[in-house]
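The lines below spell out each chain.
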Amino acid sequence: MAKDAIEIFIENLKKLPLLFKQSLIRHDKPTSDRAKSQTVFSNIFLHIHSTRVHRYTLKPTFTFGLGIMAASSFMILCITGVILMVYYKPSVALAYDSIKDIQFIVPGGKFIRNLHRLATNIMIISVMLHMGRVFYTAAYKGERAFNWVLGVGLYIVTILLSFTGYLLPWDQLAYWAVTIGANIAASPREITDALGITSLFDIGGLTRTMILGSESIGQEALTRFYFIHIMVLPILLILLLSPHLWRVRKDGGLAKPENITEEDLVNTPKDSYSDKVFINAAPEKTYNLMCMVKGTSPAVGKGPENTVSSWPYLFTAEVGIFIFTLAICCLYALFVDAPLKEMANPMVPENPAKAPWYFLGVQELVSYSAFMGGVGIPTIVLIGLGLVPYLDREKQQLGRWFDDETGLLVATKSAIFSAVTCIGTLIFLVAFGWLRNWFPHIPQLIIIVLNPGTVLLTAVILWSIHIMKTFQSTRLAAISLFTCFIVFFLILTYFAVYHRGPNWAFYWWPSMWPIH
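Residues numbered from 1 in each chain as written. Predicted model: local features only at pLDDT ≥ 70, side-chain atom pairs only at ≥ 80, totals over all residues. Heavy atoms only, no water.

## Comments concerning helix α15 (residues 370-391)
Basically, it comes down to this: Note on conventions: DSSP H or I runs of at least 4 residues are helices, E runs of at least 2 residues are strands, and numbering of each starts at the N terminus. Helix span, as expected, comes to 1.5 Å for every residue beyond the first. One axis fitted to the seven residues ending at a residue, another fitted to the seven starting there: the angle between these axes is the bend at that residue. Using a 1.4 Å probe on the protein chains alone, a residue whose accessible area is under 20% of its type maximum counts as buried, one over 50% counts as exposed, and one in between counts as partly exposed.
Here α15 is 22 residues long and its end C-alpha atoms lie 30 Å apart, about the 32 Å a rise of 1.5 Å per residue gives. The largest bend in α15 comes to about 35 degrees, at L385, with the proline P389 one to four residues further on. Taken residue by residue, α15 has F371, M372, G373, G374, G376, I377, L385, G386, V388 and P389 as its buried positions.

Here it is in structure tokens:
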């Protein structure tokens, strides 16, 4: 006898929790390798990973979790940013007061703002370090070339995210730091003024106006920065980050050495497949259903030996890094407050007016030549970074820091060379000045072409050419060039932070600045 519809409905109602769970989770408990693979396959968030990862890539000292730390920082920024948006008012008249309300009145507001500020710095630092790790382990080569380009794009977007958020508090620190950035954007005027064509072709002024929305920093600039900061750049970062993570999987996972030894796998996780050998020799050709093709695909000739399931090993590591990043941010936010100066006043300039710390090296170069320091040299560096995998095509082992002892030697020599060159140049500038101090009427075009920034750039290019000729290696030349730029960035940033005071003059320590 057929069941009554009411009885069927009641049975379905009783089974509702089970039915909902079965529709949500379409695999068994992850207690077997097959169930673990199904766990990854059936989850949209986990499916961006491969089902198995090599044990070597889970070594803490291989990646230091820098990529996950950067992504974790972005997640913290998104959550805290949404909370801050509830109370922030993007108005010149109200922005500063809304920040003070967040800081002193809103329960937990100061903590959330501190957390947001610190997560920004952690994201910038971890992205920089992650790029360095990828570069020094040669993980940009071959099919990974475009993923490196995506990484450079992510670095640029990360810097822009921080910079656009810098104006929002609308205090003196924010106002004059953005003024410096706007002046850097207008630096092409240095060339057009020298050529006498600014009245006909003012590309610098046009760029500045496009950024600020007007001739000066006001409501239009604040609205534009706010919109770009909360919507345009986060969307752009997600659009770049998604294929960046996807390409890691499609390119065979993290770049790792081919001759991995048992010593390399010490203190790495193991499962039932780790020690088994499934494939003894890779074929020279592969076949598919349509035709015969030459070469091998990433999956051919590679068994799951020395690999472990992504669930739970990889995901446990990722969650651990996220918790570590969050813990560092929370502890710091409890004891260190985000800076907040007086309300922005265009009539009272900060002296010295300094850009955010990650722009201070550029600001130091700008003090020599606005265009070359603010636009020319940074553009050359970024283009050079993007072209590295296409100019360095040497076949070599991936996944080893500095490749071998020769690479480490070249990096060490390059670090010493760049440190001596940069520090020597700064000492010379402080002691003797530059061309404008010696020849007050020298044409500005000469200053643009021949300034301390271009001298340093020329020196590292010549050094990298020397390395290339000495070792007959484009890879070692790239290591030398990358190392020199890192050292220059660190030294120039330090010099601008601690030794530049009012009127951008040299002081041994900030305590020596004049009181008035």
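From this point on, the discussion continues.
## Topic: the packing of aromatic side chains
To describe a pair of aromatic rings, one takes the distance between the centres and the angle between the planes. Worth spelling out the cut-off: Pairing of aromatic side chains here covers Phe, Tyr and the six-membered ring of Trp, requires ring centres within 6.5 Å, and sorts the geometry by plane angle: under 30 degrees stacked, over 60 edge-to-face, intermediate tilted. A ring is scored as having a charge over it whenever the NZ atom of a lysine or the CZ atom of an arginine sits within 6 Å of its centre and within 35 degrees of its normal.
Within this structure, the stated rule accounts for 25 aromatic pairs. Consider the rings of F417 and W463, whose centres lie 4.4 Å apart with planes at 10 degrees: the pair is stacked. Here W463 lies in helix α19 (residues 452-471) and F417 lies in helix α16 (residues 405-432), a separation of 46 residues in the sequence. Looking at W463, the relative accessible area reads 16%, which means it is buried. Ring geometry for W434 against W438: centres 6.1 Å apart, planes inclined by 40 degrees, an arrangement best described as tilted. Among the aromatic residues, those joined into a cluster by ring pairs are F64, F135, Y136, Y140, W148, W401, F402 and F482. Cation over ring: R133 sits above F62, and NZ or CZ is 5.4 Å from the ring centre. Lying over the aromatic face of F135, R475 brings its terminal NZ or CZ to 5.3 Å of the ring centre.

## Structural notes on the nonpolar core
In summary, soluble globular proteins display a tendency toward joint burial of nonpolar side chains. The line we're drawing: Nonpolar cores are built from buried Ala, Val, Leu, Ile, Met, Phe, Trp, Tyr and Cys residues. Side-chain atoms within 4.5 Å join them into one set.
With 95 residues, the main nonpolar core has F135, W148, L167, W170, I217 and L426 as its most contacted residues. It is helix α7 (residues 109-136) that provides the largest number of residues to this core, a total of 12 residues.

## A few points about the side chain of T483
As a reminder, the rule being used: Contacts described as polar in this section are N or O atom pairs within 3.5 Å, which, within protein, must combine one atom able to donate a hydrogen with one able to accept it, while residues neighboring in sequence count only if both atoms come from side chains. Throughout, a residue-residue contact means that at least one pair of heavy atoms, one from each residue, lies within 4.5 Å.
Relative to the assigned elements, T483 resides in helix α20 (residues 474-498). You can call T483 buried: its relative accessible area is 5%. Looking at T483, its side chain comes within polar contact range of the side chain of Y136, at 2.7 Å. With near-sequence residues (within four places) excluded, T483 lies in contact with Y136, A411, S414, A415 and S418.

## Overview of the packing of α19 against α20
In helix packing, the relevant descriptors are the interaxial angle and the interaxial distance, both defined with respect to the helix axes. Our working rule: Axis definition: a line fitted to C-alpha atoms, limited for helices to the stretch in contact. Angles are taken between N-to-C directions and run from 0 to 180 degrees. An angle below 35 degrees is read as roughly parallel, one above 145 as roughly antiparallel, one from 65 to 115 as roughly perpendicular, and any other as oblique. In this scheme the crossing of two helices becomes right-handed for a clockwise turn of the near helix relative to the far one and left-handed for an anticlockwise turn of less than a right angle.
It is the contact of α19 with α20, at a shortest axis distance of 8 Å, that shows an interaxial angle of 155 degrees. The orientation of α19 with respect to α20, classified from their angle, is roughly antiparallel. Crossing geometry of α19 relative to α20 is assigned as right-handed. Together, L456, L457, V460, I461, W463, S464, I467, M468 and F471 of α19 and T474, L476, A477, S480, L481, C484, F485 and F488 of α20 make up the contact between the two elements.

## So, the side chain of R475
By the element assignment, R475 lies in helix α20. R475 sits in the buried class, given a relative accessible area of 1%. Side-chain polar atoms of R475 contact the backbone oxygen of F135, separated by 3.0 Å. Setting aside residues no more than four positions away along its own chain, R475 makes contact with F135, Y136, T137, A138, Y140, K141, D392, E394, Q396 and D403.

## Here's the deal with the pattern of salt bridges
One side chain can pair with another of opposite charge once the charged atoms of both are near each other. Put simply, the rule reads: When a carboxyl oxygen of Asp or Glu is within 4 Å of a side-chain nitrogen of Lys or Arg, the pair counts as a salt bridge.
Applying the stated criterion across every chain, the model contains six salt bridges. Note that D202 and R189 form a salt bridge whose closest N and O atoms lie 2.9 Å from each other. Taken together, the residues span a long stretch of sequence, with D202 in the loop between α10 (189-195) and α11 (203-212) and R189 in helix α10 at a distance of 13 residues. In this structure, R475 and D403 form a salt bridge, with 2.8 Å as the shortest nitrogen-oxygen distance. With a gap of 72 residues between them, R475 in helix α20 and D403 in the loop between α15 and α16 connect regions that are remote in the sequence.

## Let's talk about unusual backbone geometry
The residue after N351, namely P352, is reached through a cis peptide bond having omega 5 degrees. Of note, P352 is situated in the loop between α13 (310-335) and α14 (360-366). The backbone phi angle of A138 is positive, close to 60 degrees, even though this residue is not glycine. The phi torsion at W170 lies on the positive side, around 55 degrees, for a residue other than glycine.

## Brief notes about empty space enclosed by the protein
Spelled out, the test is: Think of a 1 Å grid over the protein atoms and nothing else: a 1.4 Å probe that fits but is trapped marks a cavity, an open set flanked by protein within 12 Å on at least five of seven lines marks a pocket, and residues with an atom within 4 Å of a point count as lining. Grid points are joined across faces, edges and corners, and a volume is the space filled by probe spheres set on the points. Note on residue classes: Ala, Val, Leu, Ile, Met, Phe, Trp, Tyr, Cys and Pro are nonpolar, Asp, Glu, Lys and Arg are charged, and everything else, Gly too, is polar.
Summed over all chains, the structure comprises one cavity of 30 Å³ or more. Volume-wise, the largest cavity comes out at about 40 Å³. Forming the boundary of the largest cavity are R113, R117, Y166, P169, D171, L173, A174 and P339. Of all elements in the fold, only α7 and α9 (172-185) reach the threshold of two or more residues within the lining of the largest cavity. The residue inventory of the lining of the largest cavity, partitioned by class, reads five nonpolar, no polar and three charged.

## Considerations on a nonpolar patch on the surface
Rules: Note on patches: the residues involved have over 30% relative accessible area and no salt bridge, like charges join within 9 Å, and the nonpolar side chains Val, Leu, Ile, Met, Phe, Trp and Tyr join within 5 Å. Accessible surface area values rest on a Shrake-Rupley calculation with a 1.4 Å probe, where residue burial reflects the displayed protein chains alone.
A cluster of nonpolar side chains, namely L195, I197, L200, F201, I203, L206, M210 and L445, defines an oily patch on the protein surface of about 780 Å² accessible area. Looking at the nonpolar patch, the element that brings in the most residues is α11, giving three residues. Tracing the backbone shows I197 in the loop between α10 and α11. Classification of I197 as partly exposed rests on a relative accessible area of 30%.

Shape is all these values report; function is a separate question.
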